[in-house]
Amino acid sequence: METLISKDINEAKQGEVYAPFANDPNTYNKKFYIESYGCAMNFSDSEIVASILNDKGFGATRIIEEADLIFINTCSIREKAEQTVRNKLQNYAVFKKTNPSLLVGVLGCMAERLKAKLLEEEKLVDIVVGPDAYRSLPSLIEEAESGQKSVNVLLSREETYADISPVRLNQNGITAFVSIMRGCNNMCSFCVVPFTRGRERSRDAASIIEECKQLVAEGYKEVTLLGQNVDSYHYQPGTETEAITFDKLLEMVALIDPQLRVRFSTSHPKDITDEVLHVMAKYPNICKYIHLPVQSGNTRILQLMNRTYTKEWYLSKVKRIKEIMPDCAISSDIIVGFCTETEADHQDTLDIMRQSKYEFSYMYAYSERPGTLAAKRYQDDVSEADKMRRLDEIIALQGQLSLASNLQDIGKTFEVLVEGDSKKSNKDWSGRNSQNKMIVFPKTDAPITKGMYVQVTVTKASQATLIGHLVDA
Ligand code: SAH
Ligand code: SF4
Ligand code: F3S
């Protein structure tokens, strides 16, 4: 059911195993192994967890066999996501056999959704910790070490882990996620996130700026500001000062260093303001790319989804973005087969995709989640076969749209941040342009390294990638 046609910052690593970095084995007497699933928020949280565990004397390992503790940071967004985690947990049973003192912990959204029930359902789980309770990990681990099962799934209205410096688990050293807020106050009827992540709260702006500056000092070249709904960022530093809204925060981050690229995700169409668009247009280092999930192109379905905009309203937002930034790329999330969706409704989705000319999209078949508004109020009445066919149709259309957009880039020259070798060959470099498109180009004698900005002229394009060559210096 899970379908993903192009990679994007919102769910860049959905379902992929996260390889933690190897720590100095002499500093830590015990080792933990952590795998993350779900959205970027979860990956970012794993870096907070790593920091808390380091302080407790646990070092990260990529070798699961040598771990004293295995953590799995989980996602509940669709049934399939939870199934993936359950399968993974089954695989851990072998490690428990060879190492009886091994502890297995479930973190994240599935821990929050299922709470102590998870201990009954998955016998080998020792520790269950929700997204707002990571500070209690050290005491929970102690409890589990003494033979008791331990659980903390309390949600918080304040927790932002602002003072905890994340331990960067990904090793590219060029791009990093920076969490700016937690939770979500929207109540999209299909979505489990408000239940697993709790109320929305914004992180202290000063701590965000501090973290970004630190990243720059360490040589990072790109930050992605993360939140379920970044445009409702709102931080009140004190009674005397004005509140910091997302446009202001974005500007503050952009001003840290013109060499630091700034991205953000996700924007709810109802909340992204002209102020944000103007700040984006003003600073060349703010990437011209917006992830603007539409979910459906039909106004009636949008209402049932509680998205609070109509088809026309969404399209006017797209128009506004292009007016202010003609070169801005837009991507989307789309759900097919939501409750009561007819063929005609589905046609509206295809139509809004064509009109919005998305550069890419994440596309999903509706998966009913227990406890959500939709599960309580509406019937999941679109057949599996119809869902799959509609999904195939939107995937095919998105393929055409992505290709059309990429073909238009042939002949253009872009600034590319080199992220490393191309996946297919170490004879090629790869990196992204401001619009978040992957560009691959052959290595030459030019002294290029990871983390450099280079000018690349596009000569060929496929649905997923642009291919080009370096512009002679
Ligand atoms: N905060 C983000 C989305 C987070 S979830 C936003 O508001 O856009 C990522 C995507 O998963 C959603 O945009 C939606 O397209 C999809 N999704 C969420 N719940 C789903 C469900 N029950 N079934 C299928 N897809 C779902
Ligand atoms: Fe879910 Fe909607 Fe919140 Fe996104 S904005 S996390 S889709 S409730
Ligand atoms: Fe993210 Fe999945 Fe939770 S998408 S917020 S990890 S339910």
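What you see is a predicted model; the values in this text were computed from it and never measured.

Trainee: How would you sum up the site of ligand 2? Please name residues and give values.
Mentor: Taken together, the neighbourhood of ligand 2 is formed by C184, N186, C188, F190, C191, V193, P194, Q228, H268 and R307. For the shell around ligand 2, a count of residues per class yields six nonpolar, three polar and one charged.

Trainee: A description of the domain arrangement of the protein chain should follow, citing residues and the corresponding values.
Mentor: When the domains of the protein chain are assigned, the result is domain 1 (9-152), domain 2 (175-406) and domain 3 (413-470). For domain 1 versus domain 3, the distance between C-alpha centres works out to 35 Å.

Trainee: Account for the pattern of salt bridges, with residues named and values stated.
Mentor: One pass over the full model with this rule turns up 40 salt bridges. One salt bridge in this structure joins R86 and E121, with 2.8 Å as the shortest N-O distance. With R86 in helix α2 (residues 79-98) and E121 in helix α4 (residues 117-121), this pair connects stretches of sequence that are 35 residues apart. According to the relative accessible area criterion, R86 is buried, its value standing at 16%.

Trainee: Lay out helix α1 (residues 40-55) in plain terms, naming residues and giving numbers.
Mentor: An α-helical segment advances 3.6 residues per turn. Residues three or four places apart therefore align on the same side. Over its 16 residues, α1 runs 23 Å from end to end, which matches the ideal 22 Å to within 8%, given 1.5 Å per residue. With 15 of 16 residues buried, α1 lies mostly within the body of the structure.

Trainee: Give a detailed account of the confidence of the model for the protein chain, specifying residues and quantitative values.
Mentor: Looking at the protein chain, the pLDDT average stands at 93 and 94% of residues meet or exceed 70. pLDDT under 50 marks residues 1-20. Its contacts with residues more than four places away, or in other chains, come to 86 contacts.

Trainee: Now, about the sheet that holds strand β21 (residues 453-461): what can you tell me, with residues and values included?
Mentor: Strand order in the closed barrel formed by five strands is β18-β19-β20-β22-β21, and the pairing between neighbours is mixed. Taken over all neighbouring pairs, the strand axes of this sheet differ in orientation by 50 degrees on average, direction set aside. Examined bridge by bridge, strand β18 (residues 413-421) and strand β19 (residues 428-432) share four bridges and lie antiparallel to one another. Along β19, the bridge assignment pairs D421 with W429.

Trainee: Give me the pairing of strand β22 (residues 466-470): which residues, what numbers.
Mentor: The sheet contact formed by strand β20 (residues 438-442) and β22 spans two bridges and is parallel. Each residue of the ladder has a partner; that of V440, found in β22, is I467. As judged from the five bridges shared by β21 and β22, these two strands associate in the antiparallel manner. Counterpart to K460 in the pairing with β22 is I467. What sits between β21 and β22 in their antiparallel hairpin is a turn of four residues.

Trainee: So, the side chain of D132: which residues are in play, and what are the values?
Mentor: When you line up the elements, D132 lands in the loop between β6 (127-129) and α5 (137-145). Assessed through its relative accessible area of 7%, D132 is described here as buried. A polar atom in the side chain of D132 sits 2.8 Å from the backbone nitrogen of S156. Not counting residues within four places of it along the chain, the set of residues in contact with D132 comprises L154, L155, S156, E159, Y161, R182, R197 and R201.

Reading guide: rules and limits
- Residues numbered from 1 in each chain as written.
- Chains lettered and ligands numbered in written order.
- Predicted model: local features only at pLDDT ≥ 70, side-chain atom pairs only at ≥ 80, totals over all residues.
- Heavy atoms only, no water.
- Near = heavy atom within 4 Å.
- Nonpolar A, V, L, I, M, F, W, Y, C, P; charged D, E, K, R; others polar.
- Domains from an automatic or database assignment.
- Salt bridge = Lys/Arg side-chain N within 4 Å of Asp/Glu carboxyl O.
- Helix = DSSP H or I, 4+ residues; strand = E, 2+ residues; numbered from the N terminus.
- Buried < 20%, exposed > 50% of the residue type's maximum accessible area, 1.4 Å probe, protein only.
- Expected span 1.5 Å × (residues − 1).
- pLDDT = per-residue confidence, 0-100.
- Contact = heavy atoms within 4.5 Å.
- Pairing = 2+ DSSP bridges.
- Axes fitted to C-alpha atoms, helices over the stretch in contact; angles between N-to-C directions.
- Polar contact = N/O pair within 3.5 Å; in protein donor to acceptor, adjacent residues only side chain to side chain.

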